[in-house]
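The lines below spell out each chain.
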Amino acid sequence: MARATASSPRPEAGQGAAPRHVAIIMDGNGRWAKKRLLPRVAGHRQGVEAARRIVRAAGDLGIEALTLYAFSSENWRRPQEEVSDLMGLLRLFILSDIDEFANAGVRLRVIGDYKALAPDLVSLIDGAMERTAGNRAMTLAIALNYGAQFEMVRAVRAIADRVQTGEIAPAAIDEQMIDTHLDTQDLPPLDLLIRTSGEKRLSNFLLWQAAYAELHFVDTLWPDFDKQCLVDALAHFGQRERRFGGL
Ligand code: IPE
Ligand code: IPE
Ligand code: MG
């Protein structure tokens with residue numbers, strides 16, 4: 001019998017099932033702005049509105065965990081002004097929405113190497129996570145300074161430390177152990193991964209966790225993504241027959 005890990009199947013998942021964990025690569029803010037002859041930051045502002053809308057919609061639709069890719073470890077390659085616009089919007093998003101999350105029973109988690117961000121942002125995030133830690137209605141995970149390959153590097157390093165101290169033997173390392181050292185260790189298995197804006201790549205997002213996730217690519221630019229788009233994605237998921245290697 002296969003081991004159940006964050007990336008592996010749940011036997012009860014099947015046709016018509018609702019996804020427990022949905023992740024979204026929120027792409028296309030820049031193109032949304034460009035189409036309107038606006039600066040890119042205007043697209044990012046609308047992107048925050050879309051994120052707000054989708055967090056609410058996910059709660060309404062009974063999704064257990066929603067993971068949003070907000071800033072990749074490669075996004076530092078953008079012009080410094082854009083990076084600081086994005087960080088500013090993130091700060092505002094947490095500051096203005098934390099009360100609503102707390103009241104709605106949303107537990108906030110951040111995945112990625114967020115400790116490398118500005119100290120005030122790190123303490124804002126830590127405070128928000130602490131405050132909502134006991135919430136159970138939904139988990140909202142925000143991927144910040146996140147890259148799946150570095151997430152795996154960090155997991156390997158942590159496991160190697162445990163081997164070095166003699167706490168575990170190399171042969172004890174299995175999929176389950178790797179799972180429990182990833183940033184997503186306390187999230188349900190990833191069922192559905194959505195990317196907006198027409199790009200069909202993962203851009204270093206949840207590579208391990210996506211092993212058996214259904215992939216849903218839509219042309220809609222992220223600022224235009226609304227509750228109906230999410231409902232459509234869930235309907236698409238419900239029609240998939242997930243085989244997990246079996247028949
Ligand atoms: C996604 O939109 C937001 C982030 C990556 C932070 P983009 O900024 O990548 O928008 P496009 O791809 O240039 O349209
Ligand atoms: C992926 O989008 C990262 C986020 C949505 C945060 P990008 O726009 O950065 O990805 P690439 O550069 O097109 O692969
Ligand atoms: Mg992009």
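Fair warning: this is a prediction, and the values are worked out from it, not measured in the lab. (Residues numbered from 1 in each chain as written. Chains lettered and ligands numbered in written order. Predicted model: local features only at pLDDT ≥ 70, side-chain atom pairs only at ≥ 80, totals over all residues. Heavy atoms only, no water.)

### Notes on the pattern of salt bridges
- Per the counting criterion, the structure on display carries 22 salt bridges.
- A salt bridge links Arg154 to Asp183, with the shortest nitrogen-to-oxygen separation between them at 2.8 Å. With Arg154 in helix α5 (residues 148–164) and Asp183 in the loop between α6 (175–179) and β5 (192–195), this pair connects stretches of sequence that are 29 residues apart.
- Residue classification places Arg154 among the partly exposed positions, given a relative accessible area of 23%.
- With a relative accessible area of 15%, Asp183 lands in the buried category.
- Note that Arg242 is salt-bridged to Glu214, the shortest N-O span being 3.9 Å. On the criterion of sequence distance, the pair formed by Arg242 in the segment after α7 (227–239) and Glu214 in strand β6 (residues 214–217) is long-range, its members being 28 residues apart.
- Judged by relative accessible area, which is 16%, Glu214 ranks as buried.
- Several salt bridges share partner residues, and in doing so they unite Asp27, Arg31, Arg195, Glu199 and Arg201 into one network. (Salt bridge = Lys/Arg side-chain N within 4 Å of Asp/Glu carboxyl O. Helix = DSSP H or I, 4+ residues; strand = E, 2+ residues; numbered from the N terminus. Buried < 20%, exposed > 50% of the residue type's maximum accessible area, 1.4 Å probe, protein only.)

### Focus on the nonpolar core
- If you look at the biggest cluster of nonpolar residues, it comprises 47 residues, and the most contacted ones within it are Ile24, Leu66, Ile125, Leu140, Leu144 and Leu230.
- With 9 residues, helix α3 (residues 80–104) is the largest single contributor of residues to this core. (Core = buried A, V, L, I, M, F, W, Y, C linked by side-chain atoms within 4.5 Å.)

### Quick word on the site of ligand 2
- Close to ligand 2 lie Ile25, Met26, Asp27, Tyr69, Ala70, Phe71, Ser72, Asn75, Arg78, Arg195, Arg201 and Ser203.
- In this structure, Arg195 approaches ligand 2 through a side-chain N or O atom, which is 3.3 Å from an oxygen atom.
- Between ligand 2 and Arg201 there is a distance of 2.7 Å, counted from an oxygen atom to a side-chain nitrogen or oxygen.
- Taken by itself ligand 2 offers 390 Å² of open surface, and the protein chains cover 77% of this.
- Ranked by the residues each element gives to the shell around ligand 2, the list is headed by strand β2 (residues 65–72), at 4 residues.
- Here the shell around ligand 2 is built from residues that sort into 5 nonpolar, 3 polar and 4 charged. (Near = heavy atom within 4 Å. Polar contact = N/O pair within 3.5 Å; in protein donor to acceptor, adjacent residues only side chain to side chain. Areas by Shrake-Rupley, 256 points an atom, 1.4 Å probe, with all protein chains shown as cover. Nonpolar A, V, L, I, M, F, W, Y, C, P; charged D, E, K, R; others polar.)

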